[in-house]
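Architecture and fold: a report
Here are the chains, one letter per residue:
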Amino acid sequence: MKERLYLIHSNRGDNGCPACGQYIVWRKVGEKQYVPCDKKPVMCIRSPGSRFRVVKQGEILTDVEIVKKGRIGNSVRSNWFYALEPHVFTCPCIPHQGMDVSNKECERC
């Protein structure tokens, strides 16, 4: 039986995503709570009302926006921070809201 991927797990799993096989890192976010995250940190900025969630220093942060390199704009550098994005939001094998499931990039699905 294939293991499922959630935002928060009660114990650490393997270092590979059970759905796509991508390498993931586990971050502890509470008493016996772990979040599987992508290995590469993302640049973030606080943005009230945003839907994105990231993990930083053992805490799940909400109301953040992930800043892409080409869209930095006039943001003040002191407002930026690096965090890890939970893999459940980036896994190509998990259908996400607004994603065309017939056009997935996952070869294992």
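Bear in mind the structure is a predicted one, so any value in this text is a computation, not a measurement.

**Some words on the overall build of the chain**
When helices and strands are tallied, the chain shows 0 helices and 6 strands. Taken over 109 residues, the chain has a buried fraction of 37%. For the chain, the proportion of contacts with a sequence separation of at least 24, taken over those separated by at least 6, is 49%. For the chain, the computed accessible surface area is about 7700 Å², with 46% contributed by carbon and sulfur atoms.

**As for the environment of Phe81**
Checked against the element boundaries, Phe81 lands in strand S6 (residues 80–83). Accessibility expressed as a relative area gives 12% for Phe81, which makes it buried. For Phe81 and Lys56, which are 25 residues apart along the polypeptide, the C-alpha to C-alpha distance reads 9.1 Å. With residues up to four places along the chain from it excluded, the contact list for Phe81 reads Val42, Met43, Cys44, Ile45, Arg46, Val54, Lys56, Leu61 and Val64.

**Things to note about the side chain of His9**
Among the structural elements, His9 can be located in the segment before strand S1 (24–30). Overall, the relative accessible area of 9% leaves His9 in the buried class. Among the polar contacts made by the side chain of His9, one reaches the main-chain amide nitrogen of Tyr6 at a distance of 3.1 Å.

**Observations concerning the side chain of Asp38**
Inspection of the secondary structure puts Asp38 in strand S2 (residues 33–38). What makes Asp38 buried here is its relative accessible area of 11%. Separated by 2.6 Å, the side chains of Asp38 and Thr90 make a polar contact.

**Looking at the nonpolar core**
Counting residues in hydrophobic clusters, the biggest one holds 18 residues, and the most contacted among them are Leu5, Cys17, Val35, Cys37 and Cys91. Secondary structure elements with two or more residues in this core: S1 and S2. In terms of residue count, the dominant contributor to this core is S1 (4 residues). Cys44, Leu61, Val64 and Phe81 belong to the second-largest nonpolar core, a separate cluster that totals 8 residues.

**Some thoughts on the confidence of the model for the chain**
Looking at the chain, pLDDT values average 81 and 75% of them are 70 or higher. Taken element by element, the predicted model of the chain shows its lowest mean pLDDT in strand S3 (residues 42–46) (90) and its highest in S2 (95). Here residues 98–104 is a poorly scored stretch, pLDDT under 50, and it has 7 contacts once near neighbours within four places are set aside; other chains count.

About the criteria used
Note on numbering: residues in each chain are counted from 1, in written sequence order. Residues qualify for local features only when their pLDDT is at least 70, as the model is predicted, and side-chain atom pairs are given and counted only at 80 or more; totals for whole chains, interfaces and linings, by contrast, use all residues. Only heavy atoms go into the side-chain values, all of them from the structure, while hydrogens and water stay out. By definition, any uninterrupted DSSP run of H or I lasting at least four residues is a helix, any uninterrupted run of E lasting at least two residues is a strand, and each is numbered from the N terminus. Burial status follows relative accessibility: with a 1.4 Å probe on protein chains alone, a residue under 20% of its type maximum counts as buried, one over 50% as exposed, and anything between as partly exposed. Any two residues whose heavy atoms approach within 4.5 Å are treated as being in contact. To measure how exposed things are, a 1.4 Å probe is used in the Shrake-Rupley method; for residues, cover is taken only from the protein chains shown. Residues adjacent in sequence count toward polar contacts only when both atoms are side-chain atoms; beyond that, a polar contact is any pair of N or O atoms within 3.5 Å, and within protein one must be able to donate a hydrogen and the other to accept it. Here the nonpolar core consists of buried residues drawn from Ala, Val, Leu, Ile, Met, Phe, Trp, Tyr and Cys, with membership extended through side-chain atoms lying within 4.5 Å. Note: pLDDT gives the predictor's confidence per residue, expressed from 0 to 100.

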